[in-house]
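# Remarks on the overall topology
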Number of protein chains: 2
Amino acid sequence: MNNRLIGAAVVGQSGGPTAAINSSLAGVIEACANNTDTVTKLYGMRNGIEGFLEERLIELYPLFTLADGTVDRKGALYPLMQTPASALGSCRKKLPKPSEDPAFFERLLSLFKKYDIRYFFYIGGNDSMDTVAKLTEYLKTTDYEMRVMGVPKTIDNDLMGTDHTPGFGSAAKFIATEMSEIVRDCAVYTVKAVTIVEIMGRDAGWLTAAAALPKLVNGEGPDYVYLPEVSFDMDAFFGDIEKAFEKHPNVVVAVSEGAQFADGRYVGEGAQSGAADVFGHKYLAGTGKALEMAVKEHFGCKVRSIELNLPQRCGAHLASRKDLSEASLCGQHAVLKAIEGTTGAMIAMERFEDKNFPDGYACRYLPKEIAAIANAVREVPREWIVPEGNNVTDECLRWILPLIQGEWPVVWKDGLPAHFVFD
Amino acid sequence: MNNRLIGAAVVGQSGGPTAAINSSLAGVIEACANNTDTVTKLYGMRNGIEGFLEERLIELYPLFTLADGTVDRKGALYPLMQTPASALGSCRKKLPKPSEDPAFFERLLSLFKKYDIRYFFYIGGNDSMDTVAKLTEYLKTTDYEMRVMGVPKTIDNDLMGTDHTPGFGSAAKFIATEMSEIVRDCAVYTVKAVTIVEIMGRDAGWLTAAAALPKLVNGEGPDYVYLPEVSFDMDAFFGDIEKAFEKHPNVVVAVSEGAQFADGRYVGEGAQSGAADVFGHKYLAGTGKALEMAVKEHFGCKVRSIELNLPQRCGAHLASRKDLSEASLCGQHAVLKAIEGTTGAMIAMERFEDKNFPDGYACRYLPKEIAAIANAVREVPREWIVPEGNNVTDECLRWILPLIQGEWPVVWKDGLPAHFVFD
């Protein structure tokens, strides 16, 4: 290899937790540990780029390899894979533009040099890919050679350039399972009642769509699902519920936390002060609660709202085996492509049908130029939402279904899932 | 047997769903099906005693036995056991006193005679045991021989006369697992934040106590748990959080939905004051939400509240194997004791330590006179709550821990747990 680059690597995790983000970390660790002649050391940065700036680094090879240099799968890698949320810690730091704050990037550069870091792996969502893009842009203005790779992660499945994102499958499996159980729970009484389940996903309705999976699998799902891709209409919503009451007394619907009226107001606005996070995203809560009040007023029947909340993204005890495997492969491919010379890219998954695989599909793992990916949101296509806007099509569900296949063989300790925790 | 009673049996489910109530039903079905010379037919009543009054009955033997008369475990009984919520449907009907409404009981009696029902099994919590008690009382005034048995069920674990209740172990396992995952999720950021998890159990704190189990198992649980058995003091609560902030930036607490101030007001009532939704309605936000607002106002830091809600009681995908087995045994013993001649009793579990059993304990299943059980609530003993009232003792946790042991070998269909549904 004429572009061989020998030195240390650093890996970080950023953005919101998922059940699969540690599997991507495990993939990075495994691929690096299998290439110690090139990647001489592997540092984990605590709390993403923020911790890196404070030099809070852990050497990972000693923790994840046995005396003979091979990866300690049973003792360390598998426990890491079944642990939810970013084991290295996370941050939500938005990097400045290199042109606006050169001193910031010079500080980063001095640290890269200090630790001889030649490989930089960052596991995260849209905002993390923005970090990868800016770092790549800055490095072009220097003569320091370092390869920067993004590893996708987001339960929201809204990253551009990849068929789907690691973390989505496990969150979808959790949501679909919970919906299936909630539908059973709500079916026991004969009294008219409406149950509204609020699902994560501010800008894209992929997770809310997953709430409808039980319908495809066993014919029993929520009556309707409302995605943020379609304007929410209160009268149409009431009409939907009325129609459902004609069929059965227990109406169950799923609604995205990001549901908006035609005028752009969030359905859940009002209970919140309008605070925004550091990236300018409006903080949302209360879509389910707002609809609960509206239904109670309109129908006068029993109403309950359920916010699935954090467990959606950290429900590792119910992780999709397919998802964790793919997450690990994304991490591994990021390392392998970087060693081969790629930089400024995110590993994307390309799905292709293949009947030889148990779930009828497999993925290619390809580096995609990061500039085309960062800061764009991929929505559920309109044609995968029924014309009435109150459900998704079977085609949409058939697209999601393979991603929730298989159960991770969780190792339990005294009745609880065993978690890997860095000291 | 000189007290042999031959005829049909009827079984019903009542009260709120649990993950184990269908295992008790499965136990009743299995024991009856093994004694068809005595229990000639087994009816399931839809929606408890309400459905029975409307003669909505299903014959269960044909659905659960194979051609040779043996129980169809794989095809029907196991799927039923892993299905959450009352498969037969439920009701919340409170029976009148026999002396107050004799006509009501005469109607019941005429139905018992019509279907030659000689065994009546009712699976449920406090209110259901009240039904069993009243039916028993009424039958004493007639010359109709029917044996009435209660099978305990409640996630709340607050029934008198039994060591613990079927349904509690699975709910406790779900809550402890979720807490463990939430603690991991909340640990990823370095920003000061408080996460408040609201747990079911209006009158007794058993489930909230279970939220502390991860502390015993892996040293990482919520910082505090607040049970309804101890008056909630807002200043002490703020003091607790301040102390926790000295140790780490991410404070996680669990609080019972039934937490009350010393003057008897529910903590969840406090939130009614200010909050209004997008439609201008005031609403009762709940205990977690009320504390979220209080903490936000007092500390000004990031605060989140999570209501675990229905999934706590219907999370059958995460059922405790121990719990489902015990639930089934309670059902079986109810049938066997009734066949032997017992009536007007609930099957209670009596725990004894036995190192020969994998979890260090086993249970005896004993009939307890129903009158002593109905309409009383068993609380967490004060000595199992630390003097400060903000946590439970290790002794308490060691008492709960055996009940969450083992995972039910869930059968999956296309990535979701397979459920048994009566048509």
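Keep in mind that this is a model prediction, so the values were computed, not measured. (Residues numbered from 1 in each chain as written. Chains lettered and ligands numbered in written order. Predicted model: local features only at pLDDT ≥ 70, side-chain atom pairs only at ≥ 80, totals over all residues. Heavy atoms only, no water.)

## A word on helix α6 (residues 126-139) of chain A
- Its 14 residues place the ends of α6(A) 20 Å apart at the C-alpha level, agreeing with the 20 Å of an ideal helix rising 1.5 Å per residue.
- Burial analysis of α6(A) places 13 of its 14 residues in the buried class, the great majority of the element. (Helix = DSSP H or I, 4+ residues; strand = E, 2+ residues; numbered from the N terminus. Expected span 1.5 Å × (residues − 1). Buried < 20%, exposed > 50% of the residue type's maximum accessible area, 1.4 Å probe, protein only.)

## Some remarks on helix α11 (residues 287-299) of chain B
Residues and elements named next belong to chain B.
- With 13 residues, α11 ought to run about 18 Å at 1.5 Å a step, and its terminal C-alpha atoms sit 18 Å apart, in line with that.
- Where α11 is concerned, the buried positions are Thr287, Gly288, Ala290, Leu291, Glu292, Ala294 and Val295.
- Those residues of α11 that are buried lie in contact with β6 (193-199), α10 (234-247), β8 (250-256) and β9 (302-307).
- Following α11 by one or two positions, Gly300 adopts a phi angle in the positive range, close to 65°. (Contact = heavy atoms within 4.5 Å.)

## Comments concerning the packing of helix α5 (residues 102-114) of chain A against α6(A)
Residue and element names in this part refer to chain A.
- Put simply, α5 and α6 touch, their axes get as near as 11 Å, and they point 80° apart. As summarised for this structure, α5 and α6 are arranged roughly perpendicular, according to the angle between their axes. Together, Phe105, Glu106, Leu108, Leu109 and Phe112 of α5 and Lys134, Leu135 and Tyr138 of α6 make up the contact between the two elements. (Axes fitted to C-alpha atoms, helices over the stretch in contact; angles between N-to-C directions. Parallel < 35°, antiparallel > 145°, perpendicular 65-115°, else oblique.)

## What about the sheet that holds strand β6 (residues 193-199) of chain A?
Residue and element names in this part refer to chain A.
- Reading across the sheet, the 4 strands line up as β7-β8-β6-β9 and stay open at both edges, with parallel pairing between neighbours. Looking at strand neighbours, the two that pair on one side only are β7 (224-226) and β9 (302-307), the edges of this open sheet. Here the strands of the sheet are splayed against their neighbours by 20° on average, with no regard to which way each runs.
- Here β6 runs beside β9; their pairing, made up of 6 bridges, is parallel. (Pairing = 2+ DSSP bridges.)

## As for the nonpolar core
- Ranked by size, the top nonpolar core spans 180 residues in total, and within it A:Phe121 and B:Phe121 carry the most contacts.
- Dropping the residues within four chain positions of it, B:Phe121 is found in contact with B:Ala9, B:Val10, B:Val11, B:Gly12, B:Val28, B:Cys32, B:Met149, B:Ala334, B:Val335 and B:Ala338. (Core = buried A, V, L, I, M, F, W, Y, C linked by side-chain atoms within 4.5 Å.)

## A word on the pattern of salt bridges
Residues and elements named next belong to chain A.
- For the structure on display, the rule yields 38 salt bridges over all chains.
- We note a salt bridge from Arg265 to Asp263, for which the minimum N-O separation is 3.2 Å.
- Of the residues examined, Arg265 reaches a relative accessible area of 37% and is grouped as partly exposed.
- Under the relative-accessibility criterion, Asp263 is labelled exposed at 57%. (Salt bridge = Lys/Arg side-chain N within 4 Å of Asp/Glu carboxyl O.)

## Observations regarding the interface of chain B and chain A
- Each partner contributes to the interface: chain B provides 67 residues, whereas chain A provides 70 residues.
- Both faces considered, chain B and chain A share a buried interface measuring about 5500 Å² in area, 59% of it formed by carbon and sulfur atoms.
- Considering only the surface of chain B that becomes buried against chain A, B:Glu181, B:Tyr189 and B:Leu416 emerge as the three largest contributors, covering 12% of it.
- The partner of B:Arg313 in a salt bridge is A:Asp185, with the nearest N and O atoms 2.7 Å apart. (Buried area = accessible area lost by both parts, 1.4 Å probe.)

## Quick notes on the relation of the copies chain B and chain A
- Taken as rigid bodies, chain B and chain A are interconverted by a rotation of 180° and an axial shift of 0.0 Å, the fit giving an RMSD of 0.1 Å. Here the copies are linked by what is in effect a two-fold axis. (Least-squares fit on C-alpha atoms with pLDDT ≥ 70 in both.)

## A word on the packing of helix α1 (residues 21-33) of chain A against helix α4 (residues 73-81) of chain A
Residues and elements named next belong to chain A.
- Interaxial distance between α1 and α4 falls to 7 Å at its minimum, and their mutual angle equals 145°. Along its contact with α1, which presents Asn22, Ser23, Leu25, Ala26, Ile29 and Glu30, the element α4 presents Arg73, Leu77, Leu80 and Met81.
- The residue makeup of the contact of α1 with α4, split by class, is 6 nonpolar, 2 polar and 2 charged. (Nonpolar A, V, L, I, M, F, W, Y, C, P; charged D, E, K, R; others polar.)

## Here's the deal with unusual backbone geometry
All names here are of chain A.
- The backbone phi angle of Asp116 is positive, close to 50°, even though this residue is not glycine.
- Within the secondary structure, Asp116 is located in the loop between α5 and β4 (117-124).
- A relative accessible area of 33% means that Asp116 is categorised as partly exposed.
- With a phi close to 55°, Asp414 is a non-glycine residue in the positive phi region.

## Observations regarding the pairing of strand β10 (residues 345-353) of chain B
- Pairing analysis gives 2 bridges linking strand β5 (residues 147-152) of chain B to β10(B), with the strands arranged parallel. When the bridges of β10(B) are listed, B:Gly150 appears paired with B:Met346.

## A look at the state of the cysteines
- Counting across every chain of the model gives 0 disulfides over all chains.
- Just so you know, A:Cys186 is unpaired, no disulfide at all, and the nearest cysteine sulfur is the one on B:Cys314, 7.7 Å from it.
- Among the residues examined, A:Cys186 registers a relative accessible area of 10% and is labelled buried.
- Lacking any disulfide linkage, B:Cys363 is separated from the closest cysteine sulfur, that of B:Cys330, by 7.9 Å.
- Taking relative accessible area as the criterion, B:Cys363 reaches 15% and is therefore assigned buried. (Disulfide = S-S within 2.5 Å.)

## Examining the packing of aromatic side chains
- One pass over the structure, following the stated rule, counts 44 aromatic pairs over all chains.
- Ring geometry for A:Tyr119 versus A:Phe121: centroids 6.3 Å apart, planes at 5°, classification stacked. With respect to burial, A:Tyr119 and A:Phe121 carry one shared label: buried.
- Ring centres of B:Phe245 and B:Phe299 lie 5.9 Å apart, and the angle between their planes is 75°; on these two criteria the pair is classed as edge-to-face. Placement of the pair is B:Phe245 in helix α10 and B:Phe299 in helix α11, with a sequence separation of 54 residues.
- What makes B:Phe245 buried here is its relative accessible area of 12%.
- Since its relative accessible area comes to 21%, B:Phe299 is described here as partly exposed.
- An aromatic cluster is defined as three or more aromatic residues linked by ring pairs; in this entry it consists of A:Tyr224, A:Tyr226, A:Phe232, A:Phe237, A:Phe238, A:Phe245, A:Phe261 and A:Phe299.
- Note that B:Lys173 overlies the ring of A:Trp412, its terminal NZ or CZ placed 4.8 Å from the centroid.
- Cation over ring: B:Lys192 sits above B:Phe245, and NZ or CZ is 4.5 Å from the ring centre. (Phe/Tyr/Trp six-rings, centres within 6.5 Å; stacked < 30°, edge-to-face > 60°. Lys NZ or Arg CZ within 6 Å of the ring centre and 35° of its normal.)

## Thoughts on the side chain of B:Glu181
- Position of B:Glu181 relative to the elements: it lies in helix α7 (residues 168-186).
- Despite being buried, B:Glu181 has no salt bridge partner; B:Arg184 is the closest side chain of opposite charge, sitting 10 Å away.
- At 3.1 Å, the side chain of B:Glu181 and the backbone nitrogen of A:Ala316 are in polar contact. (Lys, Arg positive; Asp, Glu negative; His and termini not counted. Polar contact = N/O pair within 3.5 Å; in protein donor to acceptor, adjacent residues only side chain to side chain.)

## So, the sheet that holds β9(B)
All names here are of chain B.
- Taken in spatial order, the 4 strands line up as β7-β8-β6-β9 in an open sheet, and their pairing is parallel. A strand with exactly one partner marks an edge of an open sheet, and here the two such strands are β7 (224-226) and β9. On average, each strand axis in the sheet is tilted by 20° relative to the strand beside it, whichever way the strands run.
- Summarising the sheet, β7 and β8 pair through 3 bridges and their orientation is parallel. Bridging across to β8, Tyr224 finds its partner in Val253.
- α7 rests against β6, β8 and β9 of the sheet, and its axis sits at about 155° to β8.
- Sitting on the sheet, α10 touches β6, β7 and β8, and the angle it makes with β7 is about 165°.

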